[in-house]
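# Architecture and fold: a report
Residue strings, one per chain:
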Amino acid sequence: MKLEKSEILKALETITVAGEGKNMVESGAVKNVITFGDEVVVDLVLSTPALHIRKRAEVDVMKVIHEKVYEKAKVKVNIKVEAPTAPPQKNEIKGKSIPGITNIIAVASGKGGVGKSTVTSNLAVTLAKMGFKVGLLDADIYGPSAPIMFDVEKERPLSVKVGDKSKMKPIENYGVKILSIGFFTQPNQAVVWRGPMAAKALNQMIFDAAWGELDFMLIDLPPGTGDIHLSIMQSLPITGAVVVSTPQNVALADARKGVAMFQQDSINVPVLGIIENMAYFTPDELPNNKYYIFGKEGAKNLAEDIDVPFLGEIPLIQSIREAGDVGRPAALQTATPIEKAFEELTKNVVQEVVNRNEALPPTEAIKITTMAGCAAVKK
């Protein structure tokens, strides 16, 4: 039997992708249909990487073709995930945007030592593994760690021509483009700068760099709530922020302040959610045991308490630390619980970006010109 493309499309018009109001054809999810006798290939493009949504779409396509067109049809469904895009800008965004960069995610922590940079690096490589174009800006001026975690300590950004301007070319490894102050200092050199000098260096790495096309730029912020945070948010319209914490009460208290900073009326950056790092310890010799060294579900409870999404938990595993130290993020390991944990976490982050872009207008870069405004942020 020879299948007709028109019959296939008509059948696909009767089903929808989860979370979308329009049918699969009308929404643009169906990109192509090819028929060869009793064989049919359907190419779909979805906006979310969630496995259950992809699986449901595949099953729905096969089922409707078998029921409405030909029950013995040989159906193949190819699914591609595209990065979420921000909605059309209704108002002019204050501050500068970076051409070609779709989503800018700030990764913050109220307290140092909670594994924020480790989480950021693993988020970045997992996004790259999922097919997204990813950049990482190491904005921790006083304690840069991205060069070590990506095994590019000895690399130095080159100058490239973009149009009639010379720009820095980010260092790239594991599919992630990286810029860090660590590329411009010696390993034993301390960066002793006041706020304006640090802000100038950041602006150069942001706007004088040839980032190219990126689906996601992750900004690894320093701990706390200070000058660097304000400089970043004054320079860029941040799509959303992610806050990293351990379950420990001391860390949770500072994480709460970190969330409050982004939610200040004068800042108003959407908080995509909270990540719990070092959630529990599992020794290699007892892989089924969990020891809650820093407390149990503290960050999850905080997320519920302040009504922000809980994005997931990452266990305290020795190999995560070792992988960062040798410059190969642990999420690159295949078929491991670590890879699975970071994949689940990353999918949740992407889903929250999709939700944020569908529900909210683009974020405006903040404009704080008074000491009172600065004081309000630091409370």
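Residues numbered from 1 in each chain as written. Predicted model: local features only at pLDDT ≥ 70, side-chain atom pairs only at ≥ 80, totals over all residues. Heavy atoms only, no water.

## Things to note about the overall build of the protein chain
What counts is decided by this rule: Helix numbers and strand numbers start at the N terminus; a helix is a DSSP run of H or I with at least 4 residues, a strand a run of E with at least 2. In this scheme, a residue with accessible area under 20% of its type's maximum is buried, one over 50% is exposed, and one in between is partly exposed, where area comes from a 1.4 Å probe on protein chains only. Contact definition: two residues touch when any of their heavy atoms are within 4.5 Å. With residues, only the protein chains shown are counted as cover, and all accessible areas are computed by Shrake-Rupley using a 1.4 Å probe.
Within the protein chain one finds 11 helices and 13 strands. In the protein chain, which comprises 379 residues, the share counted as buried stands at 49%. Partitioning the contacts of the protein chain with sequence separation of at least 6, the portion at a separation of at least 24 is 75%. Element-wise, carbon and sulfur atoms account for 50% of the exposed surface of the protein chain, whose accessible area totals about 18800 Å².

## Section: the confidence of the model for the protein chain
Put simply, the rule is: You can read pLDDT as the predictor saying how much it trusts each residue, on a scale of 0 to 100.
Considering every residue of the protein chain, the mean pLDDT works out to 83; 87% of them sit at 70 or more. This model gives residues 88–95 a pLDDT under 50, and the stretch forms 12 contacts once residues within four places in sequence are excluded. Here residues 368–379 is a poorly scored stretch, pLDDT under 50, and it has 16 contacts once near neighbours within four places are set aside; other chains count.

## As for the sheet that holds strand β10 (residues 214–220)
Where we set the bar: Here, any two strands with at least 2 DSSP bridges between them count as paired. Here an axis means a line fitted to C-alpha atoms, over the contact stretch when the element is a helix, while the angle between two N-to-C directions is reported on a 0 to 180 degree scale.
Strand order in the open sheet formed by 8 strands is β8-β9-β5-β10-β4-β11-β12-β13, and the pairing between neighbours is mixed. Every interior strand has two partners, whereas the edge strands, β8 (171–173) and β13 (310–316), have only one. When strand polarity is set aside, the average angle formed by the axes of neighbouring strands in this sheet is 25°. Alignment of strand β12 (residues 271–281) against β13, held across 5 bridges, turns out to be parallel. The residue bridging N277 from the neighbouring strand is I314, located in β13. In the packing of helix α8 (residues 298–306) onto the sheet, contacts are made with β12 and β13, and the angle to β12 comes to roughly 155°. Across the sheet, helix α10 (residues 337–359) is in contact with β4 (101–108), β10, β12 and β13; its angle to β13 comes to roughly 160°.

## Brief notes about the pairing of strand β6 (residues 158–162)
The buried fraction of β6 is low, at 0 of 5 residues. Here β6 runs beside strand β7 (residues 165–169); their pairing, made up of 5 bridges, is antiparallel. Looking across to β7, one finds that V162 is bridged to K165. With antiparallel pairing between neighbouring strands as the criterion, β6 and β7 make up a hairpin whose turn holds 2 residues, including G163 at a positive phi of roughly 70°.

## Description of the pattern of salt bridges
The condition is simple: Only one rule defines a salt bridge in this text: a Lys or Arg side-chain nitrogen within 4 Å of an Asp or Glu carboxyl oxygen.
All chains considered together, the criterion is met by 6 salt bridges. With a shortest N-O distance of 2.7 Å, D220 and K116 are connected by a salt bridge. Taken together, the residues span a long stretch of sequence, with D220 in strand β10 and K116 in helix α3 (residues 116–129) at a distance of 104 residues. Of the charged contacts, one joins D305 and R256 as a salt bridge, the two residues approaching to 3.0 Å between their closest N and O atoms. Taken as a pair, D305 in helix α8 and R256 in helix α7 (residues 249–263) lie far apart in primary sequence, 49 residues in all. D305 gets classed as exposed once you look at its relative accessible area, which sits at 53%.

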